[in-house]
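Residue-level listing of the chains:
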Amino acid sequence: MTNAPGRPSVVDRATWQTARDELLIREKAHTREGDAIAAARRRLPMVEFDGTVEIVGPDGPIPFLDLFQGRDELVVYKHMWHDGVPPHGQCPGCTTTAWHARDAVYLNARGVSFAVLTTGPWDEVAPFVEFMGYTEPWYSVRGLDEPIGGDMGYLTCFLRDGDRVFLTYSTTGRGNEPANGSLGLLDMTPYGRGEAWEDKPDGWPEGRASCWFWSSDADGNATWGATGRPVPQWTRPGATRVDSPGRHH
């Protein structure tokens, strides 16, 4: 059996199964460690804050407490926003999380509500949400302090006890990856995410900068340049070619 450059070794099924079983031992250890971390996460202390603070949604101002929709737990994603910028100029990274979390029915079935918060003014946010076809609840938290407002790009969890509201957990960066199922699937493939930082065998494709495929032009070419949109936007009705991100940063 020959081995092509940049490809896994070709072996018989029994040899493959032995290697797979060896890796499975490490995978199970990784799973158990993840379970232990989740157990520690459940034991974090929490911080009470004023749940009557108002946020703005499609029906105008409402108290933050309403986001729970009568449930005891709430997960929010804090979506970055660029004022006065068209949809294609909004954050491609935040798009990956919001796009993968479009349907919260399984969270709801477990008694957990979900919403997206952003610092954008509602009159700009509303047409963006309509253009993207998002069905999860979106709200503007413009001008509000943490833990409701503040820095964006975070997954944050809250707990309700009657009318009392508590911050329990918050994460950002790669901590947001559990919401992005595509990354987990890519990690199972031979070439992974195709990013330069990944540990890969000699002869494998070198990979590109992190998140390189999150934005593309109208022809499907990956680009973070002036002609790019976050990739899901090309599936939206009315998405046209662009030649400027509409922002200067």
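Everything in this summary refers to the structure shown in the same document.

Thresholds applied
- Residues numbered from 1 in each chain as written.
- Predicted model: local features only at pLDDT ≥ 70, side-chain atom pairs only at ≥ 80, totals over all residues.
- Heavy atoms only, no water.
- Buried < 20%, exposed > 50% of the residue type's maximum accessible area, 1.4 Å probe, protein only.
- Helix = DSSP H or I, 4+ residues; strand = E, 2+ residues; numbered from the N terminus.
- Pairing = 2+ DSSP bridges.
- Contact = heavy atoms within 4.5 Å.
- Polar contact = N/O pair within 3.5 Å; in protein donor to acceptor, adjacent residues only side chain to side chain.
- Phe/Tyr/Trp six-rings, centres within 6.5 Å; stacked < 30°, edge-to-face > 60°.
- Lys NZ or Arg CZ within 6 Å of the ring centre and 35° of its normal.

## Quick look at the pairing of strand 5 (residues 112–118)
Line of reasoning, step 1. The element strand 5 is extensively covered by neighbouring structure, given that seven of its seven residues are classed as buried.
Line of reasoning, step 2. By the alternation rule, side chains of strand 5 split into Val 112, Phe 114, Val 116 and Thr 118 and Ser 113, Ala 115 and Leu 117, which are all buried.
Line of reasoning, step 3. Pairing geometry for strand 4 (residues 73–79) and strand 5, over seven bridges, is parallel. For Tyr 77, the partnering residue across the bridge sits in strand 5 and is Val 116.
Line of reasoning, step 4. In the sheet, strand 5 pairs with strand 6 (residues 138–140) via three bridges, with the strands oriented parallel. Counted as the bridge partner of Val 116 is Trp 138 from strand 6.

## A word on the environment of Ala 98
Line of reasoning, step 1. Looking at where Ala 98 falls in the secondary structure, it is placed in helix 2 (residues 92–100).
Line of reasoning, step 2. Separated by 147 residues in sequence, Ala 98 and Pro 245 have C-alpha atoms that sit 20 Å apart.
Line of reasoning, step 3. The contact partners of Ala 98, leaving out residues within four places of it in the chain, are His 79, Tyr 134, Glu 136 and Trp 138.

## Focus on the pairing of strand 4
Line of reasoning, step 1. Of all seven residues in strand 4, six are buried; the element is thus mostly enclosed.
Line of reasoning, step 2. Strand direction decides the pairing type here: strand 4 and strand 7 (residues 154–161), joined by five bridges, are antiparallel. For Val 76, the partnering residue across the bridge sits in strand 7 and is Thr 156.

## Re the side chain of Gln 90
Line of reasoning, step 1. Tracing the backbone through its elements, the reader meets Gln 90 in the loop between strand 4 and helix 2.
Line of reasoning, step 2. With a relative accessible area of 0%, Gln 90 lands in the buried category.
Line of reasoning, step 3. Within the local environment of Gln 90, its side chain forms a polar contact with the backbone oxygen of Val 85, the two atoms lying 3.1 Å apart.
Line of reasoning, step 4. Other than its neighbours up to four places away in sequence, Gln 90 contacts Met 80, Trp 81, His 82, Val 85, Phe 128, Pro 230 and Arg 247.

## Quick word on the packing of aromatic side chains
Line of reasoning, step 1. The full count for this structure, using the stated rule, is twelve aromatic pairs.
Line of reasoning, step 2. Ring centres 5.1 Å apart and planes at 70 degrees place the aromatic pair Phe 64 and Phe 158 in the edge-to-face group. Taken together, the positions of Phe 64 in the loop between strand 3 (60–63) and strand 4 and Phe 158 in strand 7 put the pair 94 residues apart, joining distant regions of the chain. Each of the two residues, Phe 64 as well as Phe 158, counts as buried.
Line of reasoning, step 3. Within the aromatic cluster, the residues linked to one another by ring pairs are Trp 81, Trp 99, Phe 128, Tyr 134 and Trp 138.
Line of reasoning, step 4. Cation over ring: Arg 41 sits above Tyr 169, and NZ or CZ is 5.0 Å from the ring centre.
Line of reasoning, step 5. A cation over a ring is seen here: Arg 229 above Trp 234, with NZ or CZ 5.3 Å from the ring centre.

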